[in-house]
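Survey of secondary and tertiary structure
So the chains spell out like this:
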Amino acid sequence: MTSNSFSSPTQDAGIPLTPEMLEGSHNYKKMLGLVLEWTGKEPFLTQILFKMVLGGDEAPIFGEEEEWVNTKVRGQILKNWDKNPHLKPLWNIRDRILKSKDKKNSIKLLKFYREIVKNESVFADNSAEQKELRLLGLIVQQRGRLKVHNKIYEEVFDLDWIDRAIAKLEANLEPDDDEFLHAFSELERKLLQKQGEILIKIESGDADEQTVGQPLYETLRDLTGKVGELVGADRTSIFLLNDEKTELWSLVAEDESGQFLDIHVRVGQGIAGLVAKNKQVIHIADNVYEDPRSRLVKESDKKFNYQTKNILAFPILNDDLDIVAVVQLLNKIVKKQGDPIGFTHQDLERLAKCVIPIRGILETCQSCYEGIKKAQATAALAKATRSLNQVNLDTEMILERVMGAAKELLNADRATLWLVDGRRGDLWTRIPGKGEIRCPIGVGFAGQVAHSRTTMAIPFDLYEDPNAENAKKTDAQTLYRTCSLLCMPVLAPDGELVGVSQLVNKRKSGMEGEYDPNSYPAVPDFFKASFDKNDLQSMEVFNERVGAILQFAKTHETLKESSHVEPKEAVQQTLSLFSNLFEEQQDSRYNTLYSLLNSLTVSMGKFVSAEYSHIFFVDADKKEVWSLAFDPKNACAKEFCLPADRGIAAKLLTDREAKKSNKVSQIKDRFVRVGLRKDRAEQLQNILLFPVIDSEGNYVAILRLLNKRQSKAGFTTEDVAKLKQKSPDMLPILQAFQSFRDQ
């Protein structure tokens with residue numbers, strides 16, 4: 001066999017094989033094919049492998065060449081490739097990637113190469129990563145797709161090697177300060193954009209209370225992650241200072257499962273609290289639990305199953321050198337043996353470079369948080385006052401409605417409205433299940449507020465207040481833990497003290513749970529909160545409305561006691577008084593009339609078991625009937641009119657008798673369905689129309705009753721008789737409503 005007979009395959013492969021390499025093999029063509037399957041025609045690897053295969057004394061048995069070659073490759077190349085100096089082509093690829101000065105570029109190359117190894121559908125293009133990997137010879141293009149050059153590369157530089165290489169590079173990758181500064185700026189930009197969207201949602205009523213603050217949480221989470229990454233901390237917490245400058249609170253402090261932890265720290269207590277108080281950095285490099293300042297850290301670690309080994313906490317100050325926040329970093333990550341324990345001076349320098357953008361984000365977060373709180377408070381206040389507008393003039397109902405609305409408004413666990421008893425000179429209220437209880441003016445928190453007429457706000461923990469002894473005794477008897485308190489005077493529009501509102505235990509937003517008396521005196525996490533300035537402002541506005549309602553109720557009671565006042569005039573005076581209380585509101589007259597008219601209408605419907613009930617007033621001069629409906633779009637009552645000289649209304653007024661029918665679907669007159677939603681109008685079954693006539697034979701109103709409940713027969717003559725019996729009592733009220741509208 002001559003060298004010429006081998007010229008074609010070696011030239012095609014570009015492999016400089018010598019005649020000496022071929023002398024010992026009689027089946028060299030098959031052996032060469034097997035070698036090329038492993039090397040993919042890579043010249044140096046092919047020469048090394050072919051020499052190794054043909055250079056020994058042993059030769060494969062005919063027909064077993066493939067198994068023999070595979071064994072040789074795996075045993076002599078793949079097994080210890082990184083220790084064999086003859087395999088420098090593999091070493092060169094490894095070193096070109098791993099020993100590059102640009103470690104970030106090396107990581108990018110490896111991640112791109114990993115996609116090629118995992119995925120057969122990576123298409124070729126002119127990206128920098130593809131070009132560099134192809135120049136290294138690690139990948140080739142085949143039919144428009146990229147693949148690993150050969151089987152040896154596939155087995156040497158496999159997924160396990162890639163992942164270990166990336167991990168090693170990342171572990172030694174130093175943070176890029178410029179990249180962090182850019183990331184901080186981008187976070188602030190996104191937060192400012194989200195802030196506007198959040199406030200618009202709250203104002204429009206589209207915001208979910210549980211998720212409205214999510215963009216804020218996410219920004220702070222990303223910020224803490226970046227700060228921790230900047231200096232290599234295992235855990236990072238950011239504490240913001242509350243408005244009263246008494247407490248630090250953390251929106252983001254993640255546990256090992258990635259969940260938010262809600263942490264509050266008093267200024268002056270714990271590591272973060274001391275940093276806030278003294279405005280100085282605290283660094284504990286080792287033996288954290290032995291430091292007396294770390295008592296709270298030790299307690300927190302025990303609670304959340306964590307071990308703190310070293311701490312770095314530093315203050316963020318504004319231009320006036322006032323505290324904005326405290327950043328607390330736990331457990332410096334040691335990347336390699338020999339690195340110093342704890343955070344370094346270099347870490348502090350790196351943080352100092354980024355303080356300005358970090359402060360900007362935190363100040364924006366604080367502003368955004370305050371904006372959210374104010375918008376939520378405004379929305380809650382509007383809801384609460386709407387609830388008050390629907391309350392009737394019964395004192396017990398006022399107590400119940402006010403306490404419920406106040407609890408919801410401020411997210412308090414308990415609320416009490418104490419009323420002033422002018423005759424006995426004390427305060428009283430009624431508690432469900434306990435009945436009436438009384439409190440002397442000047443005694444207890446409510447009594448002190450009644451005496452001084454000044455607001456009393458005691459933050460968590462109330463037991464540390466010097467005036468808490470009476471509260472502690474009461475709690476011990478009731479097995480209820482009082483943790484925070486807001487007590488405010490309730491004044492009538494003329495300045496008279498009419499009551500005291502008392503809210504107990506501000507609940508943490510988003511935290512559910514009922515207080516367990518068996519846990520007394522331990523404090524549940526959902527009670528570790530305080531009423532803030534937004535709560536005080538909301539409650540002041542709320543109490544102004546409560547004071548007006550209480551004064552009006554008191555006036556109403558006086559009117560009821562005045563026997564010389566005729567019913568019609570009494571109702572008119574009541575309507576006028578109620579309307580004047582809110583005369584600054586647009587359409588206050590219609591809103592007042594609608595509220596009381598709606599109450600009468602509902603009672604009338606219940607009286608005859610009607611599903612829908614309405615009252616239409618007759619205006620004989622204008623030949624029309626009119627009523628009121630609530631306009632949800634403008635949140636106010638609106639008047640609507642119908643002609644009284646045609647259709648069913650004209651027939652009813654002509655006959656002067658009640659009309660009833662079980663064939664409502666066949667009646668096309670608008671008077672039957674006006675004021676109903678479309679879906680309700682389509683489900684009507686029967687109707688009763690009842691005219692109300694005064695002693696002089698003039699029409700005052702028409703009562704429209706629809707859908708007799710629990711009766712297929714519809715309205716009966718007994719229903720008509722019952723309405724006739726009540727007509728004399730309703731007449732003066734309806735006359736007062738009608739004349740009040742015309743004033």
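Residues numbered from 1 in each chain as written. Predicted model: local features only at pLDDT ≥ 70, side-chain atom pairs only at ≥ 80, totals over all residues. Heavy atoms only, no water.

Here we look at the overall build of the protein chain
Assigned secondary structure in the protein chain consists of 24 helices and 20 strands. Among the 743 residues that make up the protein chain, the fraction classed as buried is 45%. Accessible area of the protein chain: about 39800 Å², with a carbon and sulfur share of 48%. (Helix = DSSP H or I, 4+ residues; strand = E, 2+ residues; numbered from the N terminus. Buried < 20%, exposed > 50% of the residue type's maximum accessible area, 1.4 Å probe, protein only. Areas by Shrake-Rupley, 256 points an atom, 1.4 Å probe, with all protein chains shown as cover.)

Quick look at the packing of helix α7 (residues 103–118) against helix α8 (residues 128–136)
Across the interface, α7 lies against α8 with an axial gap of 10 Å and an inter-helix angle of 85°. Judged by the inter-axis angle, α7 sits roughly perpendicular to α8. Between α7 and α8, the residues in contact are Asn 105, Lys 108, Leu 109, Phe 112 and Tyr 113 and Glu 129, Gln 130, Glu 132 and Leu 133, respectively. Among the residues making up the contact of α7 with α8, the classes are represented as four nonpolar, two polar and three charged. (Axes fitted to C-alpha atoms, helices over the stretch in contact; angles between N-to-C directions. Parallel < 35°, antiparallel > 145°, perpendicular 65-115°, else oblique. Contact = heavy atoms within 4.5 Å. Nonpolar A, V, L, I, M, F, W, Y, C, P; charged D, E, K, R; others polar.)

Description of the environment of Glu 718
Inspection of the secondary structure assignment puts Glu 718 in helix α24 (residues 717–742). Remark: the alpha-carbon pair of Glu 718 and Val 608, spanning 110 residues in sequence, is separated by 9.2 Å.

As for the nonpolar core
The biggest cluster of nonpolar side chains holds 44 residues, and the ones touching the most others in it are Leu 49, Leu 90 and Phe 157. Leu 223, Trp 249, Ala 325 and Cys 354 belong to the second largest nonpolar core, which has 28 residues in total. (Core = buried A, V, L, I, M, F, W, Y, C linked by side-chain atoms within 4.5 Å.)

Some details on the packing of aromatic side chains
For the structure shown, the criterion picks out eleven aromatic pairs. Look at Phe 157 and Trp 161: their rings are 4.8 Å apart centre to centre, the planes differ by 65°, and that puts the pair in the edge-to-face class. On the basis of relative accessibility, which here comes to 8%, the residue Trp 161 falls in the buried class. For the ring pair Phe 616 and Phe 671, a centre distance of 4.8 Å and an interplane angle of 50° mean the geometry is tilted. Taken together, the residues Phe 616 in strand β15 (residues 610–619) and Phe 671 in the loop between β18 (659–661) and α23 (678–681) connect sequence positions 55 residues apart. Judged by its relative accessible area of 1%, Phe 616 is buried. Linked through ring pairs, Trp 81, Tyr 153, Phe 157 and Trp 161 together constitute an aromatic cluster. Positioned above the aromatic ring of Tyr 480 is the side chain of Arg 414, whose terminal nitrogen or guanidinium carbon lies 3.5 Å from the ring centre. Lying across the ring of Phe 607, Lys 722 places its NZ or CZ 4.7 Å from the centre. (Phe/Tyr/Trp six-rings, centres within 6.5 Å; stacked < 30°, edge-to-face > 60°. Lys NZ or Arg CZ within 6 Å of the ring centre and 35° of its normal.)

Overview of the sheet that holds strand β11 (residues 435–440)
Strand-to-strand pairing in sheets goes through backbone hydrogen bonds, with the strands running parallel or antiparallel. Ordered in space as β11-β10-β9-β14-β13-β12, the six strands form an open sheet in which the pairing is antiparallel. Only two strands of the sheet have a single neighbouring strand rather than two, namely β11 and β12 (456–458). Here the average twist between neighbouring strands, direction ignored, is 25°. Bridge count between β12 and strand β13 (residues 485–491): three bridges; the pairing is antiparallel. Within β13, the position partnered with Ala 457 by the bridge is Leu 486. (Pairing = 2+ DSSP bridges.)

Concerning the pattern of salt bridges
As a working rule, side chains carrying opposite charge can pair if their charged atoms are close by. Counted under the stated rule, the structure contains 26 salt bridges. Notably, a salt bridge pairs Asp 655 with Lys 659, separated by 2.7 Å at the nearest N-O pair. Overlapping salt bridges, with partners in common, bring together Asp 421, Asp 426, Arg 430, Glu 436 and Arg 438 in one network. (Salt bridge = Lys/Arg side-chain N within 4 Å of Asp/Glu carboxyl O.)

Things to note about the packing of α7 against helix α10 (residues 159–171)
Where α7 meets α10, the closest approach of the two axes is 10 Å, and the angle between their N-to-C directions is 160°. The angle between α7 and α10 falls in the class roughly antiparallel. Two packed elements cross with a definite hand, and for α7 against α10 that hand is left-handed. Contact residues: α7 offers Lys 103, Ser 106, Ile 107, Leu 110, Lys 111, Tyr 113, Arg 114, Val 117 and Lys 118, while α10 offers Leu 159, Trp 161, Ile 162, Asp 163, Ala 165, Ile 166, Leu 169 and Glu 170. (Left-handed = near helix turned anticlockwise from the far one by under 90°.)

Some remarks on the pairing of strand β8 (residues 323–332)
Among the ten residues in β8, nine count as buried, and that is most of the element. In this sheet, β8 lies alongside strand β3 (residues 233–241) in antiparallel orientation, the contact comprising seven bridges. Note that in β8 the partner of Arg 235 across the bridge is Leu 330. Taking the residues that link successive antiparallel strands as the turn, the strand β7 (residues 311–317)-β8 hairpin has five residues, and the phi of Leu 321 there is positive, at about 65°.

A look at the side chain of Ser 627
Within the fold, Ser 627 resides in strand β16 (residues 624–631). A polar atom in the side chain of Ser 627 sits 2.7 Å from the backbone oxygen of Ile 615. If sequence neighbours within four positions are ignored, Ser 627 has contacts with Ile 615, Phe 616, Lys 638, Glu 639 and Phe 640. (Polar contact = N/O pair within 3.5 Å; in protein donor to acceptor, adjacent residues only side chain to side chain.)

Regarding the confidence of the model for the protein chain
On average, the protein chain scores 79 in pLDDT, and the residues at 70 or more come to 80%. Counted against residues more than four places away or in other chains, residues 1–16, with its pLDDT under 50, gives 18 contacts. Note that pLDDT drops below 50 for residues 253–259; the model gives that stretch 14 contacts with residues more than four away or on any other chain. (pLDDT = per-residue confidence, 0-100.)

Observations regarding unusual backbone geometry
A cis amide bond links Phe 460 with the next residue in sequence, Asp 461, at an omega value of 10°. Looking at the secondary structure, you find Asp 461 in the loop between β12 and α18 (469–478). Residue Tyr 520 is joined to Pro 521 through a cis peptide bond whose omega torsion reads 5°. Within the secondary structure layout, Pro 521 lies in the loop between β14 (497–506) and α19 (533–561). Positive phi, close to 60°, is recorded for Arg 453, a residue that is not glycine.

Things to note about the environment of Ile 166
In this fold, Ile 166 is placed in helix α10. The spatial distance from the C-alpha of Ile 166 to the C-alpha of Ser 106 is 8.3 Å, given a sequence separation of 60 residues. If near-sequence neighbours (up to four positions away) are discounted, Ile 166 is found in contact with Ile 107, Leu 110, Lys 111 and Arg 114.

Observations regarding the state of the cysteines
Counting across every chain of the model gives zero disulfides. Considering cysteine sulfurs only, Cys 439 is the nearest to Cys 487, which forms no disulfide, with 8.8 Å between them. (Disulfide = S-S within 2.5 Å.)

Some points on the side chain of Asn 310
Mapped onto the secondary structure, Asn 310 falls in the loop between α14 (295–304) and β7. Under the relative-accessibility criterion, Asn 310 is labelled buried at 4%. There is a polar contact of 2.7 Å between the side chain of Asn 310 and the backbone nitrogen of Lys 332. Discounting residues that sit within four places of it in the chain, Asn 310 has contacts with Ile 284, Ala 285, Asp 286, Val 288, Leu 329, Leu 330, Asn 331, Lys 332, Ile 341, Gly 342 and Phe 343.

Quick word on the sheet that holds strand β19 (residues 687–693)
Here we have six strands laid out as an open sheet, ordered β17-β16-β15-β20-β19-β18, and antiparallel in their pairing. Edge positions in the sheet fall to β17 (636–643) and β18, since each has one partner strand and no second. Neighbour to neighbour, the strand axes of the sheet diverge by 25° on average, direction disregarded. Alignment of β15 against β16, held across three bridges, turns out to be antiparallel. Opposite Phe 617, over in β16, you have Trp 626 as the bridge partner.

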